[in-house]
Amino acid sequence: MAEVRIAAELRTEFGKGAARKIRRGDKVPAVLYGHGTEPRHLTLPGHELLLALRQANVLIHVEGDGVDEIALPKGVQRDPIKGFVEHVDLLLVKRGEKVTVDIPVTVSGDVIGGGILDQQLIALSVEAEATHIPSGVEVDVDGKDVGFAVHAGEIALPNGVTLVGDPEALVLHVIAAPTAELPEAGEVAEEAAEEGEAAPAEAAE
């Protein structure tokens, strides 16, 4: 589980104008909340935060201005065109406590027999210790044929991590590749007869 340290500054100015000013300085407004504490409004360095958020379920250690906490990003707002982070909500967590998060499901290997891999779920909801969240799970489909399927409860999870949700949920399966429907022999003969009848009529004209 990745843990990234980011310098934080307490934020005292609010509103859209203040937020735009913060972003012009390549920084991001943030809110740290949780455990019944009063929300703390912070300013975080934009580049460092952007790099941290590229990691799934990254644990952010914010420190500075009297703040020294670890948190999980729970709400990230991005510019719809340029993609930079506009605002982030940080959920305060404590070492040893359990949290519920979504972890990515990746697939390795190649299926055989002309089958097609159909992945229904790209993430699993799990409960894990806040500082030991797995980066994801991998399903090996190498050499699997049509009919192979994996359900959520069949995926091996690291020690201390438990599945949240339906264990019967279909994660992926291998299905038969679609084939072009060939016309039946009777249909071919009928079409040929129709073409033969049309030819003399055209010649007579």
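Above this note sits the structure.
The sections below set out a description of the structure shown in this document. Because the structure is predicted, anything quoted here is derived from the model rather than measured. (Residues numbered from 1 in each chain as written. Predicted model: local features only at pLDDT ≥ 70, side-chain atom pairs only at ≥ 80, totals over all residues. Heavy atoms only, no water.)

## Some details on unusual backbone geometry
(1) Moving on: Non-glycine residue N57 carries a positive phi angle of around 55 degrees.
(2) Moving on: Position of N57 relative to the elements: it lies in the loop between α2 (46–52) and β5 (59–64).
(3) Moving on: Residue classification places N57 among the buried residues on the basis of a relative accessible area of 18%.
(4) Moving on: Unusually for a residue other than glycine, D65 sits at a positive phi of about 55 degrees.
(5) Moving on: Inspection of the secondary structure puts D65 in the loop between β5 and β6 (67–78). (Helix = DSSP H or I, 4+ residues; strand = E, 2+ residues; numbered from the N terminus. Buried < 20%, exposed > 50% of the residue type's maximum accessible area, 1.4 Å probe, protein only.)

## Overview of the sheet that holds strand β7 (residues 85–93)
(1) Moving on: Taking strand neighbours across the sheet as the criterion, the seven strands line up as β1-β5-β6-β7-β3-β4-β2 in an open arrangement whose pairing is mixed. Edge positions in the open sheet fall to β1 (3–7) and β2 (9–10), since each of these has one partner strand only.
(2) Moving on: Pairing of strand β3 (residues 27–34) with β7, which is carried by four bridges, proceeds in the parallel orientation. By the bridge assignment, A30 is partnered in β7 with V88.
(3) Moving on: Relative to the sheet, helix α1 (residues 16–24) contacts β3, β4 (37–45) and β7, its axis offset from that of β3 by approximately 120 degrees. (Pairing = 2+ DSSP bridges. Contact = heavy atoms within 4.5 Å. Axes fitted to C-alpha atoms, helices over the stretch in contact; angles between N-to-C directions.)

## Overview of the environment of V88
(1) Moving on: Looking at the element boundaries, V88 is found in strand β7.
(2) Moving on: Residue classification places V88 among the buried residues on the basis of a relative accessible area of 0%.
(3) Moving on: Each C-alpha atom of the pair V88 and P73 lies 6.8 Å from the other, and the pair is 15 residues apart in sequence.

## Concerning the environment of I116
(1) Moving on: Locating I116 in the fold gives a position in strand β9 (residues 115–119).
(2) Moving on: Taking the C-alpha atoms as reference, I116 lies 9.1 Å from P178; in sequence the two are 62 residues apart.

## Focus: α1
(1) Moving on: The set of residues buried in α1 consists of A18, A19 and I22. Axial view of α1: buried residues confined to an arc of 100 degrees, hence all on one face. Turned more than 90 degrees away from the buried face of α1 sit K16, K21 and R24, all of them exposed.
(2) Moving on: As for α1, its buried residues are in contact with β3 and β4. (Arc of directions from axis to C-beta.)

## Quick notes on a positive patch on the surface
(1) Moving on: The grouping of K16, R20, K21 and R24 at the surface amounts to a positive patch.
(2) Moving on: By the element assignment, K16 lies in helix α1.
(3) Moving on: Among the residues examined, K16 registers a relative accessible area of 68% and is labelled exposed. (Patch = residues over 30% accessible without salt bridge, like charges linked within 9 Å, V, L, I, M, F, W, Y side chains within 5 Å. Areas by Shrake-Rupley, 256 points an atom, 1.4 Å probe, with all protein chains shown as cover. Salt bridge = Lys/Arg side-chain N within 4 Å of Asp/Glu carboxyl O. Lys, Arg positive; Asp, Glu negative; His and termini not counted. Charge placed at Lys NZ, Arg CZ, Asp CG, Glu CD.)

## Remarks on the sheet that holds strand β12 (residues 149–151)
(1) Moving on: As summarised here, the arrangement of the three strands in space is β9-β14-β12, forming an open sheet in which the pairing is antiparallel. Both edges of this open sheet fall to β9 and β12, since each of them pairs with a single strand only. The average undirected angle you get between the axes of adjacent strands in this sheet is 15 degrees.

## Examining the pairing of β7
(1) Moving on: The sheet contact formed by β6 and β7 spans eight bridges and is antiparallel. Paired with R78 across the two strands is V85, which belongs to β7.
(2) Moving on: Between the antiparallel neighbours β6 and β7 lie six residues, among them G83 with a positive phi of about 85 degrees.

## Brief notes about a negative patch on the surface
(1) Moving on: A cluster of like negative charges, contributed by D110, E138, D140 and D142, occupies part of the molecular surface.
(2) Moving on: Residue placement: D110 occurs in the loop between β8 (98–108) and β9.
(3) Moving on: Accessibility expressed as a relative area gives 58% for D110, which makes it exposed.

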